[in-house]
Amino acid sequence: MRRGFFITFEGGEGAGKSIQVEILASHLFEEGYDVVVTREPGGTRIGEQIRAITHNTENVDLNPVAEAYLMSAARAQHVAQVIEPSLESGKVVLSDRFVDSSISYQGYGRKLGPDLIKNLNALAVNGAAPDLTILLSVTPEVSMKRRNKSKKAKDRLDLQQHDFYSRVYEGYKVLAKKEPNRFIVVDAGKSIEKVATEVWDVTQRALNEYYGKIKKK
Ligand code: TMP
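Note that this is a predicted model, so its numbers are computed, not measured. Numbers given to residues run from 1 along each chain, matching the order in which its sequence is written. Selection of residues for local features in this predicted model requires a pLDDT of at least 70, selection of side-chain atom pairs for listing and counting requires 80 or more, and totals for whole chains, interfaces and linings are taken over all residues. Based on all heavy atoms of the structure, the side-chain values leave hydrogens and waters out of the count.

S.K.: Help me out: how do you make sense of the environment of Ile19 in this one?
M.R.: Only DSSP runs of H or I covering at least 4 residues are called helices, and only runs of E covering at least 2 are called strands; the numbering of each starts at the N terminus. Looking at where Ile19 falls in the secondary structure, it is placed in helix 1 (residues 17–30). Judged by relative accessible area, Ile19 falls into the partly exposed class, the value being 32%. Exposure is judged per residue with a 1.4 Å probe applied to protein chains only, and the accessible area is read against the type maximum: over 50% gives exposed, under 20% gives buried, and values in between give partly exposed.

Listed below in structure tokens is the structure:
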């Protein structure tokens, strides 16, 4: 059986990732793909426990290095329990965030540096790498407006200083520029429908190229 296809969504707060993941997953289901939808930090029982720590607003004193290790620890569990087995069995894996989040948030946002974060995650990802990364890009200003408007309860990572989000935004831009074949940058300032159409177009193209237009199941 052919190895599955690994798609990740990335972007700052308020980029609309969750809704786009949901819409893309439903398109893929309709097209007959065997899809696994997952997220980081989380995606496993243990990973969700780690998420509870990283998102808890009481943990304002969480050390940046400890934060980086927690994200990486959740990822190790996620790769071993969900991502690798799903890809092995030929599924399309759709993950709301992966290692690029750590590089942007901990590497650039917390200023730990992209290389250090990459090295720290090497063991966790164990060779797993996305085939396609959709970066939903919104400026930190739009992102802040959307966050303030949102009724969703704010977590610890929603409560950072503005310059933190600016560094994350710039970090993503650097990553996308470095790997233009893997990264597709979508202007997420547009309407949900327009973004969803663009996401579906690029995904179909990538899947057709990978599977050579044969039926997936
Ligand atoms: P989200 O599910 O709303 O995107 O929340 C995840 C938050 O965790 C978001 O603020 C980004 C942050 N994060 C990191 O800082 N590093 C990571 O490696 C991951 C996966 C997420």
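Moving on, there is more to tell.
S.K.: Would you take a moment to explain the pattern of salt bridges for this structure?
M.R.: Pairing of side chains with opposite charge becomes possible as their charged atoms draw close. Whenever Lys or Arg places a side-chain nitrogen within 4 Å of a carboxyl oxygen from Asp or Glu, that contact is recorded as a salt bridge. All chains considered together, the criterion is met by 13 salt bridges. Close ionic contact of Glu67 with Arg156 constitutes a salt bridge, the shortest N to O distance being 2.7 Å. A residue pair is termed long-range when its members are at least 10 positions apart, and Glu67 in helix 3 (residues 64–88) and Arg156 in the loop between helix 6 (140–149) and helix 7 (162–178) qualify at 89 residues. Classification of Arg156 by relative accessible area gives buried; the value is 6%. Here Lys173 ties to Glu170 by a salt bridge, and the two come within 3.8 Å at their closest N and O atoms. Taken together, the residues Lys173 and Glu170, both in helix 7 and 3 residues apart, mark about one turn of the helix. A residue is classified by how much of its surface remains accessible, and Glu170, at 41% relative accessible area, is partly exposed.

S.K.: Is there a simple way to think about the packing of aromatic side chains in this case?
M.R.: How two aromatic rings sit relative to each other is given by the distance of their centres and the angle of their planes. In this analysis, rings of Phe, Tyr and Trp, with Trp reduced to its six-membered ring, are considered paired at centre separations within 6.5 Å, and the interplanar angle assigns stacked below 30 degrees, edge-to-face beyond 60, and tilted for intermediate values. Within the structure shown, the criterion is met by 7 aromatic pairs. Ring geometry for Phe5 against Tyr210: centres 5.0 Å apart, planes inclined by 55°, an arrangement best described as tilted. Of the two residues, Phe5 sits in strand 1 (residues 5–11) while Tyr210 sits in helix 8 (residues 192–211), which places them 205 residues apart along the sequence. Here Phe5 falls in the buried class, since its relative accessible area comes to 4%. Seen from their ring centres, Tyr210 and Tyr211 are 4.9 Å apart, and the 85° between their planes marks the pair as edge-to-face.

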